[in-house]
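Single-letter residue listing:
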Amino acid sequence: MENLYTLTAHELLGLLDKRSVRPEDIIESVCSRAASVDGKVRGYVNIDKPRAPSGAPSGKLRGIPVAVKDNICVEGELTTCASKILRGFRPPYNATVIEKLKAEGAVVLGRANMDEFAFGSSCENSAYFPTLNPWDTSRIPGGSSGGSAAVVAADEAIMALGSDTGGSIRQPAALCGVVGMKPTYGRVSRYGLIAFASSLDQIGPLTKDVRDSALLLGVIAGYDEKDSTSVNTPVPDYLQCLTGDVKGMKIGIPKEYFVDGMDKEVDAAVKEAVALLKGKGAQVSEVSLPHTEYAVAVYYILATAEASSNLARFDGVQYGHRCKDPGNILDMYERTRGEGFGAEAKRRIILGTYVLSSGYYDAYYLKAQKVRTLIKNDFDKAFGAGFDCILTPTSPTPAFKVGERSSDPLSMYLSDIFTISVNLAGVPAISLPCGFTKSGLPIGMQLIGNFFEEGKLFRAAHAYESHTDWHKRSPKI
């Protein structure tokens, strides 16, 4: 069969069950597709044609090719966080999510490009090259999981894994017209994820539709004793949540997320989505998240502080890049880090070190932690009032032009204004397509849920998806 790469994982699994195709056929189709279009999209850092699982196909993802973001460790394979300082690094172990994928028969396809160490909202900060949006290659795909979103949108992978620290799965999912899920903090093991900000990072799926998202999260979720932040709570069968019915669900619309300056087409598309869900029986009413306006400031204090601490380990001593002929150990540290880190990584390390310094810790870092608690309390109050989920835009604008915001870091940071609060609170959220601009760019909406209630998000998202065809559209590359 031709063009197997256009199908979803559950469609391919149905064909495998009928013995209409072999895993080798799926892998060949996807790899051929990637070979033909990735020169235009540049979604992969590296891709090798993998072998199909030996023996009879088994497992929930038997024979399904999955792309993996370049900050998730795969034993023996290049894993570099798209940074010069880790060029050539091959981890001696698998991340827990990789072990889970392989246990269910998935095929790890290659490493997807990203912003260096997940620092960015556009996938322009990679040490390799910028990834481009499959819908318009003059535009960015979003970041930092831009490569993962782009290869799924371009049919270069059936599914992908990304990581989300402040919107890094959901924002590129919205800009590339795919589905991206950020699970509850602690739902998916972070063991083997090279850390950006440890209290915010979470691995999650990027897929072609909601059913595939539920399938992939069900595989990678669960308690892991190797991760001290992993929560030992049962993982439900998310596929059972896909009823197509939203009747009786209470959905909140936060007034703070519909702000001046938001793109008019984005605003209109999201409001049409609200109307559709209301028409299908959802109870829709306004909700307030009053501390939303402080989220960006809080995030860029806490996230950079944690990044400064986490990236201190990259010093040229044990692994990764080391400068040539250092004069002494201080010279080695300075030159190694100066050569190895890109401009955005240096900016965040400097900012994080500053806010953690003795003279500024109380004024910035400690105060930001207190406001973070207020942001979490906003969500607690909303869900305590009976809301099943909260609906917002994912991004205030469609994909912008490559280079458009490179010289304006603040403008770039504001790209995540609607996604950051979710990470600060630790709650789950999903982005799914809800329309297109007149120029053909995808628009995404975000559904936010209470702790460990990903099932409700899948239910509402699937109900919306069942009555639209946005997720079935593909870019012409």
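Residues numbered from 1 in each chain as written. Predicted model: local features only at pLDDT ≥ 70, side-chain atom pairs only at ≥ 80, totals over all residues. Heavy atoms only, no water.

Strand order in the open sheet formed by 11 strands is E1-E3-E2-E4-E6-E5-E10-E11-E9-E7-E8, and the pairing between neighbours is mixed. Two strands close off the open sheet at either side, each with one partner strand: strand E1 (44-47) and strand E8 (283-287). When the angles between neighbouring strand axes are averaged without regard to direction, this sheet yields 30°. Here E1 pairs with strand E3 (residues 107-112) via 3 bridges, running antiparallel. Bridging across to E3, Tyr44 finds its partner in Ala112. (Pairing = 2+ DSSP bridges. Helix = DSSP H or I, 4+ residues; strand = E, 2+ residues; numbered from the N terminus. Axes fitted to C-alpha atoms, helices over the stretch in contact; angles between N-to-C directions.)

When strand E7 (residues 250-254) meets E8, the two strands line up parallel, connected through 5 bridges. When the sheet's bridge partners are listed, Ile253 is paired in E8 with Glu286. Taken together, E7, helix H7 (residues 264-279) and E8 form a β-α-β motif whose crossover is right-handed. (Right-handed = clockwise from strand over helix to strand, strands pointing away.)

Turning our attention to H7. It helps to recall that an α-helix has 3.6 residues per turn; residues three or four apart then point in one direction. Given a rise of 1.5 Å per residue, 16 residues ought to cover 22 Å, and the 22 Å separating the end C-alpha atoms of H7 matches this to within 8%. Those residues of H7 that sit buried are Val266, Ala269, Val270, Ala273, Val274 and Leu277. One face of H7 carries all of its buried residues, which in axial projection span an arc of 145°. For H7, the exposed residues set more than 90 degrees away from the buried face come down to Lys264, Glu272, Lys278 and Gly279. (Expected span 1.5 Å × (residues − 1). Buried < 20%, exposed > 50% of the residue type's maximum accessible area, 1.4 Å probe, protein only. Arc of directions from axis to C-beta.)

Let us now look at empty space enclosed by the protein. One simple way to see leftover space: roll a probe sized like a water molecule over the atoms. Overall, the coordinates contain 3 cavities of 30 Å³ or more when judged by the stated rule. Reported here for the largest cavity is a volume of approximately 50 Å³. In terms of lining residues, the largest cavity is bounded by Ala118, Gly120, Ser121, Gly166, Gly167, Ser168, Phe196, Tyr299, Tyr300, Arg348 and Asp416. In the lining of the largest cavity, the residues fall into 4 nonpolar, 5 polar and 2 charged. (1 Å grid on protein atoms, 1.4 Å probe; cavity = no way out; pocket = protein on both sides within 12 Å on 5 of 7 lines; lining within 4 Å. Points joined across faces, edges and corners; volume = space filled by probe spheres on them. Nonpolar A, V, L, I, M, F, W, Y, C, P; charged D, E, K, R; others polar.)

Let us now look at the packing of helix H6 (residues 210-220) against helix H14 (residues 454-466). In contact at an axis separation of 9 Å, H6 and H14 are set at 160° when each is read in the N-to-C sense. Between H6 and H14, the interaxial angle falls into the category roughly antiparallel. Of the two possible hands of crossing, H6 and H14 adopt the one that is left-handed. Residue-level inspection shows Val210, Arg211, Ser213, Ala214 and Leu217 of H6 in contact with H14, the latter providing Glu454, Phe458, Ala461, His462 and Glu465. Its residues placed into classes, the contact of H6 with H14 shows 5 nonpolar, 2 polar and 3 charged. (Parallel < 35°, antiparallel > 145°, perpendicular 65-115°, else oblique. Left-handed = near helix turned anticlockwise from the far one by under 90°. Contact = heavy atoms within 4.5 Å.)

With respect to the helices, strands and loops of the structure, Asp209 is situated in the loop between strand E6 (202-207) and H6. Here Asp209 sits buried without a salt bridge, and the closest side chain of opposite charge, Arg211, lies 6.0 Å off (N-O distance). Sequence-distant contacts of Asp209, defined by excluding residues within four places in its chain, comprise Thr8, His10, Val179, Glu465 and His471. (Lys, Arg positive; Asp, Glu negative; His and termini not counted. Salt bridge = Lys/Arg side-chain N within 4 Å of Asp/Glu carboxyl O.)

In this model H14 runs 18 Å from its N-terminal to its C-terminal C-alpha over 13 residues, within 8% of the 18 Å that 1.5 Å per residue would give. Burial runs high along H14: 10 of the 13 residues are buried. Those residues of H14 not exposed but buried are Glu454, Gly455, Leu457, Phe458, Ala460, Ala461, His462, Ala463, Tyr464 and Glu465. Of the surrounding elements, those touching the buried residues of H14 are strand E5 (179-182), H6, H7, strand E9 (389-393), strand E10 (429-436) and strand E11 (442-449).

This part covers unusual backbone geometry. The omega torsion across Gly143 and Ser144 is 5°, close enough to zero to call that bond cis. The topology assignment puts Ser144 in the loop between E3 and helix H4 (146-153). The phi dihedral of Cys123 is positive, around 60°, even though this residue is not glycine. With respect to the helices and strands, Cys123 occurs in the loop between E3 and H4. Exposure remark for Cys123: the relative accessible area of 0% places this residue in the buried category. With a phi angle near 60°, Asp155 is a residue other than glycine that sits in the positive phi range. Its place among the elements puts Asp155 in the loop between H4 and strand E4 (159-164).

Once that is clear, we can look at the packing of aromatic side chains. As enumerated under the stated definition, the model contains 18 aromatic pairs in all. For the pair Tyr299 and Tyr300, a centre-to-centre distance of 4.8 Å together with 85° between the ring planes defines the contact as edge-to-face. With respect to burial, Tyr299 and Tyr300 carry one shared label: buried. Between Phe314 and Tyr319, the ring centres sit 6.1 Å apart and the planes meet at 80°, which makes this aromatic pair edge-to-face. On the accessibility criterion, Phe314 (4% relative accessible area) is buried. Members of the aromatic cluster, each reached through a chain of ring pairs, are Phe89, Phe117, Phe119, Phe196, Phe314, Tyr319 and Phe341. (Phe/Tyr/Trp six-rings, centres within 6.5 Å; stacked < 30°, edge-to-face > 60°.)

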